[in-house]
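Now for the letters of each chain:
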Amino acid sequence: MDPAEVIARAAAQGWTIATAESLTAGAVVARLVDVPGASAVIAGGAACYSYGAKTRVLGVDPDLLARTGAVTAAVAVAMAQGAMTIYDADLAVATTGVAGPGPDERGVPEGTVWLAVVRRGEPARTRELHLSGGRARIRARTVEAAVAELAAALPR
């Protein structure tokens, strides 16, 4: 999906977008703001790599993180909801996963990624990805998937 289309469609609706990113570390919001006119749409992005940042910045329940780790649908949803709240956005996307090399400390395999999209007034949507190709490729493909999820959440 073309980020320019996401920006144009959000602008046509008068919507704002926020991101909450872990393994992509701000690459999704960076990809979106590469588009001229993005300032009318992008409310902000939070790159929250650590559990502490996910809790302090995005409001993710620390008990949830302790119980399940960060690479779950529930954590992705909590991250997206947190970004929507802190940026007062209409639409938010979150990325959490294991870019590698190798599995995380809980044994979650490299390439496991959860995306969540939250749209004001609607239930969250999640998507699990199983990617390969090394750290850089996993992160790049996650950015592409996050942009595609935003596009799917926008009215045509």
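Residues numbered from 1 in each chain as written. Predicted model: local features only at pLDDT ≥ 70, side-chain atom pairs only at ≥ 80, totals over all residues. Heavy atoms only, no water.

(A) Quick look at the environment of Ala46. When you line up the elements, Ala46 lands in strand β2 (residues 42–47). For Ala46, a relative accessible area of 6% puts it in the buried group. C-alpha of Ala46 to C-alpha of Gly133: the two residues are 87 residues apart in sequence and 26 Å apart in space. What Ala46 contacts, discounting residues up to four positions off in sequence, is Thr19, Ala20, Glu21, Val57, Leu58 and Tyr87. (Helix = DSSP H or I, 4+ residues; strand = E, 2+ residues; numbered from the N terminus. Buried < 20%, exposed > 50% of the residue type's maximum accessible area, 1.4 Å probe, protein only. Contact = heavy atoms within 4.5 Å.)

(B) Representation of the sheet that holds strand β1 (residues 17–21) in the model. Pairing within the open sheet is mixed, and its 5 strands lie in the order β2-β1-β3-β4-β5. Each edge of the open sheet carries a strand with a single partner, namely β2 and β5 (125–130). Within this sheet the neighbouring strands show an average axis-to-axis angle of 10°, counted without direction. The strands touched by helix α6 (residues 135–153) are β1, β3 (91–97), β4 (112–119) and β5; relative to β4, the strand with the most contacts, the crossing angle is about 25°. (Pairing = 2+ DSSP bridges. Axes fitted to C-alpha atoms, helices over the stretch in contact; angles between N-to-C directions.)

(C) Seen up close, the nonpolar core. If you look at the biggest cluster of nonpolar residues, it comprises 30 residues, and the most contacted ones within it are Val6, Ile17, Leu32, Ile42 and Leu91. Of all the elements in the fold, those that place two or more residues in this core are α1 (3–13), α2 (27–33), β3, β4 and α6. Counting residues per element, this core draws most heavily on α6, which supplies 8 residues. Setting aside its immediate chain neighbours within four residues, Ile42 contacts Ile7, Ile17, Val29, Leu32 and Val33. (Core = buried A, V, L, I, M, F, W, Y, C linked by side-chain atoms within 4.5 Å.)

(D) Representation of the side chain of Asp104. For Asp104, the location among the structural elements is in the loop between β3 and β4. Notably, Asp104 is buried but unbridged: the nearest opposite-charge side chain belongs to Arg106, and the N-O separation is 6.0 Å. For Asp104, the side chain forms a polar contact with the main-chain nitrogen of Arg106, separated by 2.9 Å. Other than its neighbours up to four places away in sequence, Asp104 contacts Val71 and Val98. (Lys, Arg positive; Asp, Glu negative; His and termini not counted. Salt bridge = Lys/Arg side-chain N within 4 Å of Asp/Glu carboxyl O. Polar contact = N/O pair within 3.5 Å; in protein donor to acceptor, adjacent residues only side chain to side chain.)

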